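Geometric and topological summary
Chain by chain, the residues:
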Amino acid sequence: MDTAADRRSAWTFLTNHARVLLAVAADPQVRIRDMAARIGITERAAQGIVADLEEAGYLERIRVGRRNHYRIRPDQHFRHPTEADMPVRVLIDMFTHRDLPPHDHPTVSSARP
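Residues numbered from 1 in each chain as written. Predicted model: local features only at pLDDT ≥ 70, side-chain atom pairs only at ≥ 80, totals over all residues. Heavy atoms only, no water.

**Some thoughts on a nonpolar patch on the surface**
We count it as follows: Candidate patch residues must exceed 30% relative accessible area and have no salt bridge, after which like charges are joined if within 9 Å and Val, Leu, Ile, Met, Phe, Trp or Tyr side chains if within 5 Å. Computed with a 1.4 Å probe, the accessible areas rest on the Shrake-Rupley method; for each residue, only the protein chains presented here act as cover. Salt bridge, as applied in this entry: a Lys or Arg side-chain nitrogen positioned within 4 Å of an Asp or Glu carboxyl oxygen. Each helix is a run of H or I in the DSSP string that is no shorter than four residues. Each strand is a run of E no shorter than two, and both are numbered from the N terminus. Accessible area is worked out with a 1.4 Å probe on protein chains only. A residue is then buried under 20% of its type maximum, exposed over 50%, and partly exposed in between.
Judged by side-chain polarity, Met86, Val90 and Met94 come together as a nonpolar surface patch covering roughly 240 Å² of accessible area. When you line up the elements, Val90 lands in helix α5 (residues 89-96). A residue is classified by how much of its surface remains accessible, and Val90, at 36% relative accessible area, is partly exposed.

Below, the structure is given as structure tokens:
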């Protein structure tokens, strides 16, 4: 049974659209099947998200033989008005540079001036 506590503990910061974009950034030749398995969604959902991202101009699908390769357009801006001034490159860079030591990552201070 789905309880309120279960729903609260299951939320995450990133949407599946963001996760698909990051999967493509990590491997532009990723198969939909592998992408879906890595993210934890169905292949059909992954296909729909790729189509959404392509239609919105965030990525381009390139046919190479029997496979698809993808090219991200990192200068496209976020869709929500509160982030519309920032390119998705910021998100991609944040998650593709995870191997940096912790002190090289920007931090957010909770102290107020």
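There's plenty left to go through after this.
**Description of the nonpolar core**
Short version of the rule: Joining through side-chain atoms within 4.5 Å is the link that ties buried Ala, Val, Leu, Ile, Met, Phe, Trp, Tyr and Cys residues into a set, and such a set is a nonpolar core. Contacts are assigned to residue pairs with any non-hydrogen atoms lying within 4.5 Å of each other.
Core analysis: the biggest nonpolar cluster contains 23 residues, and Val20, Leu21 and Met35 have the highest contact counts within it. Ranked by residue count, the leading element in this core is helix α2 (residues 16-26), at six residues. In this view, Val20 contacts Met35, Ile39, Ile41, Ile49, Val50 and Leu53; residues no more than four positions away in its chain are not counted.

**What about the packing of aromatic side chains?**
Note the cut-off: Aromatic pairs are defined between Phe, Tyr and Trp rings, using the six-membered ring for Trp, whenever the two ring centres lie within 6.5 Å; interplanar angles under 30 degrees are classed as stacked, those over 60 as edge-to-face, and all others as tilted.
Enumeration over the complete set of coordinates arrives at one aromatic pair. Aromatic side chains Trp11 and Phe13 sit 5.0 Å apart centroid to centroid with 75 degrees between the ring planes, which places their arrangement in the edge-to-face category. Summarising the burial analysis for this pair, Trp11 and Phe13 share the class exposed.

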